[in-house]
Amino acid sequence: MPEYKITVATGTSEYSGTNNYVYVTLIGEKGETEKTLLDNPGLDFCRGAVDDYKVSSPVPLGQVLLVRLEKKRYWVEDNWFCRYVVVQPPGGTAPLTFPCYRWLVGDVFVELREGTAKRLCDDSLPLLLSHRKKELEERQKVYRWQAWAPGIPQCVAAESEKDLPQDARFDNEKRSDFEGSLHYALLELSLKKLAIVFGKSWSDLDDFRRIFWKLRSPTAEYVMEHWREDWFFGYQFLNGSNPRMIKRCQTLPKNFPVEGGMVQASLGPRKTLAKEMKAGNIYLVDYAVMDGIPANVIRGRQQHLAAPLCLLYAHPDQGLIPVAIQLGQTAGLDCPVFLPSDPPLAWLLAKIWVRHAEFQIFQVLSHLLRTHLVVEVFCVATLRQLPAVHPIYKLLAPHLRYTLEINCRGRTQLISADGIFKRVRLSVCLSVCPRVCRYLLVSAHLSLSVCPSVYRCVSVCLSLCPYHHRLSVYLSVPSLSVSLSVCVCVTISLALSLSLS
């Protein structure tokens, strides 16, 4: 009677083990074994365990094609995460590995294929072809499409992360870390609120350091020292979180009336704007996509958004520097062109509005749309159309882990009508935005509470790291007293953005 050696590996994360009954059946070309209980003296299937068993077959099976694992409850239900099964056939032939990497929840069974990647054209046996078809039919029942909001990419049909199958959920360590970070951030915000409410009024821009308790690193300190400087402002267009916006400028847009004499002081002697454009040293960042997007009204106060144009020059000594900024798409008396020669606070304010628009584009397009929402389409399509044995599935699966849960959490907890942004009084608007993308509807508009043409408020965008996220907070110039609600909202948005990445 042939005897097969079976090795079963249990997951290493918390609660991966089980005390339920586990059975195995080997299915080969010439037959299958009886259902065999896997039971050794002592505890089986503990967290991280690799257990060995022996399974006998009344007849030779030939090539082992499938391994059927079955779990049945013993007293109480206890889910089990199986990593893989290794089958050692008799006769000293090479062992076969059957990947699993899934949860067995309830009284269920799964059938596993040997791990070699196979396309449909590589299979000819009816049993394996049937297994492919059955696996996809079951997945298509579990992972279904839905339109969360008109106009945006479709997503998985789940009202919240709790509706997702266990295999698409965070493991316990990931969940604890995610929720612990959020609770810690909320506690820190509460402490900062007390410090700001009962502390002394701010009298200088450097007083913003008071809200950055945790940002004591050489990089953070360097950014805090140089964020107002033109060269650092230009540096961040290539080294910041969103380097996709900047483009070489050969011809100025008609709605951006910058003349050579206006920027001559920034170019230097014997240089002209026309010559530098022809040489490829002039760059443009155009936030036209922001034009016409409605802003929120918060506590009876109208919010505002800018749609700037920013002209930059690759200076041979100073690097990339801004030379002209217009805060709207329609040039006119109430939408002037700002220059480095303007009063320092006016030029600073213009640069800050550019940074503010950059924050919108990064969060809504680069972050939300081009990563989370688009990747979810590929994730759901992969789960519905590719069996686990397909080579493309094997390549994508590790990179799609947690995609569905993090996006469900984002939709229900972050950008929904009653999400965290709404509860903390952040300027969030869910509106139609056809200029952003043909299929993008949801836009989180983090708006300032003053119009770009009014100088009585200054919006300060501090880049915490030249490669990551930016904060946006504002203060009133006469008293330089910070708006607590914006500080709270921006800080929590940063924490959530980092968690969602």
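See the structure printed just above.
So, here's what we can say about the structure. Throughout, residues of each chain are indexed from 1 in the direction in which the sequence is written. Per-residue local features are limited, in this predicted model, to residues with pLDDT of at least 70; the limit for side-chain atom pairs, both in listing and counting, is 80 or more; totals at the level of whole chains, interfaces and linings are taken over all residues. Processing note: side-chain calculations cover all non-hydrogen atoms of the structure and skip hydrogens and water entirely.

Another point: unusual backbone geometry. One non-glycine residue, Tyr15, adopts positive backbone phi at about 65°. Helix numbering and strand numbering both begin at the N terminus, where a helix is a DSSP run of H or I of at least 4 residues and a strand a DSSP run of E of at least 2. Position of Tyr15 relative to the elements: it lies in the loop between strand 1 (3-10) and strand 2 (21-28). Here the phi dihedral of Tyr101 falls at roughly 50°; this positive angle occurs in a residue that is not glycine.

Turning our eyes to something else, we now look at the pairing of strand 1. Using a 1.4 Å probe on the protein chains alone, a residue whose accessible area is under 20% of its type maximum counts as buried, one over 50% counts as exposed, and one in between counts as partly exposed. When you tally the buried positions in strand 1, you get 6 out of 8 residues, the bulk of the element. Each pair of strands is called paired provided DSSP finds at least two bridges between the two strands. Pairing analysis gives 7 bridges linking strand 1 to strand 4 (residues 50-56), with the strands arranged antiparallel. Within the sheet, the bridge partner assigned to Tyr4 lies in strand 4 and is Val55. Where strand 1 meets strand 6 (residues 80-88), 6 bridges bridge the pair, whose relative direction is antiparallel. Residue pairing for strand 6: Thr10 is matched across the bridge by Cys82.

Spatially, 4 strands are ordered 3-2-5-8 in an open sheet, and the strand pairing comes out antiparallel. Looking at strand neighbours, the two that pair on one side only are strand 3 (36-37) and strand 8 (108-113), the edges of this open sheet. By the bridge criterion, 6 bridges tie strand 5 (residues 64-72) to strand 8 in an arrangement that is antiparallel. Residue pairing in the sheet places Leu66 in a bridge with Arg113 of strand 8.

Most of strand 15 (residues 309-315) sits out of view: 6 of its 7 residues are buried. Where strand 12 (residues 282-286) and strand 15 come together, 5 bridges link them in antiparallel fashion. Its bridge partner being in strand 15, Leu284 is matched across the sheet by Leu311. Here strand 15 runs beside strand 16 (residues 319-326); their pairing, made up of 7 bridges, is antiparallel. Looking at the pairing, Tyr313 lines up with Ile321 of strand 16. Between the end of strand 15 and the start of strand 16, which pair antiparallel, lie 3 residues.

Quick look at the sheet that holds strand 6 now. Across the sheet, which stays open at both edges, the 4 strands sit in the order 4-1-6-7 with antiparallel pairing between neighbours. Bordering the open sheet on either side are strand 4 and strand 7 (96-104), each of which pairs with just one other strand. Strand-to-strand, the axes of this sheet are offset by a mean angle of 25°, without reference to chain direction. With axes taken as lines fitted to C-alpha atoms, and helix axes fitted only over the stretch in contact, angles between N-to-C directions fall between 0 and 180 degrees.

Paired rings are identified among Phe, Tyr and Trp, the last through its six-membered ring, by centres lying within 6.5 Å, and are further divided according to the angle between planes into stacked (under 30 degrees), edge-to-face (over 60) and tilted (the rest). Taken as a whole and assessed by the stated rule, the structure comprises 13 aromatic pairs. Seen from their ring centres, Tyr21 and Tyr23 are 6.4 Å apart, and the 45° between their planes marks the pair as tilted. Note on Tyr21: relative accessible area 33%, which makes it partly exposed. Tyr23 sits in the buried class, given a relative accessible area of 18%. Pairing Phe170 with Tyr402 gives two aromatic rings, centres 5.2 Å apart and planes at 85°, and the pair type is edge-to-face. Taken together, the positions of Phe170 in the loop between strand 10 (155-156) and helix 2 (172-198) and Tyr402 in the loop between helix 8 (391-400) and helix 9 (403-414) put the pair 232 residues apart, joining distant regions of the chain. What links up through ring pairs into an aromatic cluster is the set Tyr21, Tyr23, Tyr74 and Trp75. The criterion for a charge sitting over a ring is simple: Lys NZ or Arg CZ within 6 Å of the ring centre, and within 35 degrees of the ring normal. Across from the ring centre of Phe233, 4.4 Å away, lies the NZ or CZ of Arg355, which sits over that ring. Here Arg355 stacks its cationic end above the ring of Phe237, 4.6 Å away from the centre of that ring.

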